[in-house]
Amino acid sequence: MTTSTRGTGKVPAVLVLEDGRIFRGRAYGAVGETFGEAVFSTGMTGYQETLTDPSYHRQVVVMTAPHVGNTGVNDEDAESKRIWVSGYVVRDPARVPSNWRSRRTLDEELAAQGVVGISGVDTRALTRHLRERGAMRVGIFSGNALPDEGTMLAEVRQAPEMTGADLSAEVATKEAYVVPAQGGKKFTVAAVDLGIKGMTPYRMAERGIEVHVLPATATVDDVYAVNPDGVFFSNGPGDPATADHAVSVMRGVLERGTPLFGICFGNQILGRALGFGTYKLKYGHRGINQPVQDRTTGKVEVTAHNHGFAVDAPLDKVSDTPFGRAEVSHVCLNDNVVEGLQLLDKPAFSVQYHPEAAAGPHDAAYLFDRFVSLMEGQRA
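Residues numbered from 1 in each chain as written. Predicted model: local features only at pLDDT ≥ 70, side-chain atom pairs only at ≥ 80, totals over all residues. Heavy atoms only, no water.

As recorded in an unreviewed UniProt entry, the chain goes by the name Carbamoyl phosphate synthase small chain, listed as coming from Streptomyces werraensis. Quoted verbatim from the Subunit (unreviewed entry) field of UniProt, the annotation for the chain is "Composed of two chains; the small (or glutamine) chain promotes the hydrolysis of glutamine to ammonia, which is used by the large (or ammonia) chain to synthesize carbamoyl phosphate. Tetramer of heterodimers (alpha,beta)4." Under the UniProt heading Sequence similarities (unreviewed entry), the note attached to the chain is "Belongs to the CarA family." (UniProt positions renumbered as here; feature names shortened; annotations may be inferred.)

**Q** Tell me about the overall build of the chain, residues and numbers included.
**A** Regarding its fold elements, the chain presents 10 helices and 21 strands. In terms of overall dimensions, the chain has a C-alpha envelope of 65 × 40 × 35 Å along the principal axes. With 380 residues in all, the chain has 58% of them scored as buried. Averaged over its 38 positive side-chain charges, the chain has a centre that lies 4 Å from the centre of its 45 negative ones. (Helix = DSSP H or I, 4+ residues; strand = E, 2+ residues; numbered from the N terminus. Buried < 20%, exposed > 50% of the residue type's maximum accessible area, 1.4 Å probe, protein only. Lys, Arg positive; Asp, Glu negative; His and termini not counted. Charge placed at Lys NZ, Arg CZ, Asp CG, Glu CD.)

**Q** Can you lay out the nonpolar core for me, pointing to particular residues and giving the numbers?
**A** One finds Leu194, Val223, Phe233, Met250, Leu254, Ile269 and Leu274 to be the most contacted residues of the largest nonpolar core, which totals 36 residues. Only β12 (187–192), α7 (220–224), β14 (230–233), α8 (244–256), α9 (265–273), β19 (324–332) and β20 (338–343) provide two or more residues apiece to this core. If one sorts the elements of this core by residue count, α8 sits on top with 6 residues. In terms of nonpolar packing, the next biggest core, distinct from the first, is built from 24 residues, Phe187, Val189, Val211 and Val292 among them. (Core = buried A, V, L, I, M, F, W, Y, C linked by side-chain atoms within 4.5 Å.)

**Q** Describe unusual backbone geometry, naming the residues involved and giving the relevant values.
**A** For the bond from Ala358 to Ala359, the omega torsion is -5 degrees, close enough to zero to count as cis. Structurally, Ala359 can be placed in the loop between β21 (348–351) and α10 (366–379). Positive phi outside glycine occurs at Arg58, with the angle close to 70 degrees. Mapped onto the secondary structure, Arg58 falls in the loop between α1 (47–51) and β5 (59–63).

**Q** Can you explain the UniProt feature "binding site: L-glutamine" (unreviewed entry) in the chain? Please cite residues and give values.
**A** The UniProt feature table records "binding site: L-glutamine" (unreviewed entry) at Ser55, Gly236, Gly238, Phe265, Gln268, Asn306, Gly308 and Phe309. Despite a sequence span of 255 residues, these residues sit close together in the fold, their greatest C-alpha distance being 13.3 Å. Take Ser55: it is sitting in the loop between α1 and β5. Those residues in contact with Ser55 that lie beyond four places of it in its chain are Gly195, Asn235, Gly236, Pro237 and Asn306. Mapped onto the secondary structure, Gly308 falls in strand β17 (residues 300–312). (Contact = heavy atoms within 4.5 Å.)

**Q** Now, about the packing of aromatic side chains: what can you tell me, with residues and values included?
**A** Counted under the stated rule, the structure contains 6 aromatic pairs. Here a set of aromatic residues connected by ring pairs shows up, and it is made of Phe232, Phe261, Phe349, Phe368 and Phe371. Over the aromatic face of Trp84 sits the side chain of Arg82, whose NZ or CZ is 3.8 Å from the ring centroid. Above the face of the Phe309 ring, Lys280 is positioned so that its terminal group lies 5.7 Å from the ring centre. (Phe/Tyr/Trp six-rings, centres within 6.5 Å; stacked < 30°, edge-to-face > 60°. Lys NZ or Arg CZ within 6 Å of the ring centre and 35° of its normal.)

**Q** Lay out the packing of α8 against α9 with the relevant residues and their values.
**A** Angle between the axes and distance between the axes: these two values describe a pair of packed helices. The interhelical angle for the contact between α8 and α9, taken along N-to-C directions, is 70 degrees, at an axis separation of 9 Å. Relative to α9, the element α8 lies roughly perpendicular. Side by side, α8 and α9 meet where Asp244, Ala246, Val247, Met250, Arg251 and Leu254 of the first sit next to Gly266, Ile269, Leu270, Arg272 and Ala273 of the second. Residues that form the contact of α8 with α9 fall into these classes: 7 nonpolar, 1 polar and 3 charged. (Axes fitted to C-alpha atoms, helices over the stretch in contact; angles between N-to-C directions. Parallel < 35°, antiparallel > 145°, perpendicular 65-115°, else oblique. Nonpolar A, V, L, I, M, F, W, Y, C, P; charged D, E, K, R; others polar.)

**Q** Could you give an account of the environment of Met63, with specific residues and numbers?
**A** With respect to the secondary-structure elements, Met63 resides in strand β5. In sequence terms Met63 and Arg157 are 94 residues apart; their C-alpha atoms lie 23 Å from each other. Look past the residues within four positions of Met63 in its chain and what remains in contact with it is Ser41, Gly43, Tyr47, Val68, Tyr88, Val89, Val90 and Thr123.

**Q** Break down the UniProt feature "active site" (unreviewed entry) in the chain for me, with residues and values.
**A** According to UniProt, the positions carrying the feature "active site" (unreviewed entry) are Cys264, His354 and Glu356. These annotated residues cover 93 residues of sequence, but their C-alpha atoms sit close together, with the largest distance between any two at 11.5 Å. Mapped onto the secondary structure, His354 falls in the loop between β21 and α10. Each residue touching His354, except ones within four places of it in the same chain, is listed here: Asp53, Lys197, Asn235, Cys264, Ala304, His305 and Asn306. The topology assignment puts Glu356 in the loop between β21 and α10.

**Q** Tell me about the pattern of salt bridges, and name the residues and values.
**A** Under the definition given, this model contains 19 salt bridges. Salt-bridge contacts for Arg137 lead to Glu18; the nearest nitrogen and oxygen are separated by 3.0 Å. Here Arg137 is found in strand β10 (residues 136–142), whereas its partner Glu18 is found in the loop between β2 (12–17) and β3 (22–29), with 119 residues between them in sequence. According to the relative accessible area criterion, Glu18 is partly exposed, its value standing at 21%. Linking Glu206 and Arg203 is a salt bridge whose minimum nitrogen-to-oxygen distance equals 3.3 Å. Since its relative accessible area comes to 33%, Glu206 is described here as partly exposed. What makes Arg203 buried here is its relative accessible area of 15%. Through salt bridges with shared partners, a single network forms among Arg203, Glu206, Arg207 and Asp369. (Salt bridge = Lys/Arg side-chain N within 4 Å of Asp/Glu carboxyl O.)

**Q** Let's hear about α10: which residues, and what values?
**A** A rise of 1.5 Å per residue sets the reference length of α10, with its 14 residues, at 20 Å; its end C-alpha atoms lie 20 Å apart and thus fit the reference within 8%. Looking at α10, one finds that the buried residues are Tyr366, Leu367, Phe368, Phe371, Val372 and Met375. (Expected span 1.5 Å × (residues − 1).)

Structure representation (structure tokens):
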């Protein structure tokens, strides 16, 4: 990626998809060029949390909501220490942000962090194209001396694909740290950081959990060195088929029978640990309005998603695994994609979406309580 942070309002920009489709607009954020996987997010709010979600590493995010940036950027809502998207696509950026917490415009924040974006694009047409053709590689080019279309397309096609990408270690913490429990410590949880969002350990801390956040490279011995009552595997970017180390660590946890909870990438890791396969979705689920049914209760939740891969597990039967019986606990009502797993003979479960609600609805907050219940049951 090459960038410049000079004013971008009228600087020409071009978005080039790997199948040759081209969209023209104006630079938004930094000026330069960037590459990644083109995906779309259906959230109408929460763009700051989306931008700072490590799960979006190496992805160019297309916002389906036409008006973006109206609340600016504040110093409280970031889910990590930086923006992780590799590029940003919006239709109609706000001319003036309006929110009492706003400190900067979104354009300024993107430019300051070197994130190349494009505005003035027909994002509806772009989203329909991605729905029909699938997520694909993309490049955004901006500046007054743009390459010719053939050169830009060739550069896009040379960019790495998301299939086969091992990215967790690139976004995870390098050193372990602790998020202290609030209102008195009840439990200790070892959280394996595969791309964790800041709100996730906070939600556990609210429930009296002291969270030890460990690097993605942590071993089983590292996990048990903190004497955990439970183990958590976080969200994260990349292809779960490459995550052999995380799968090995999870199997070690399952063998010991410690209460286990995984979300997003952690759900895919649990699937692999149980012997299921994973596969790439055509265009994935991203946004904060995805309907999911909890099959254990029949309740339908509106949930926050960000995943391009899914677990290949049977929906219609209980499966035998090396760790006992397992079943699909949650399913997406749009396309029947597996959205959760649970073991019936060990205290372990996972979901494919984001229950921390940052951003998003609070329908799934009960899952943290379910994790607490597992640890209470194990202690009893």
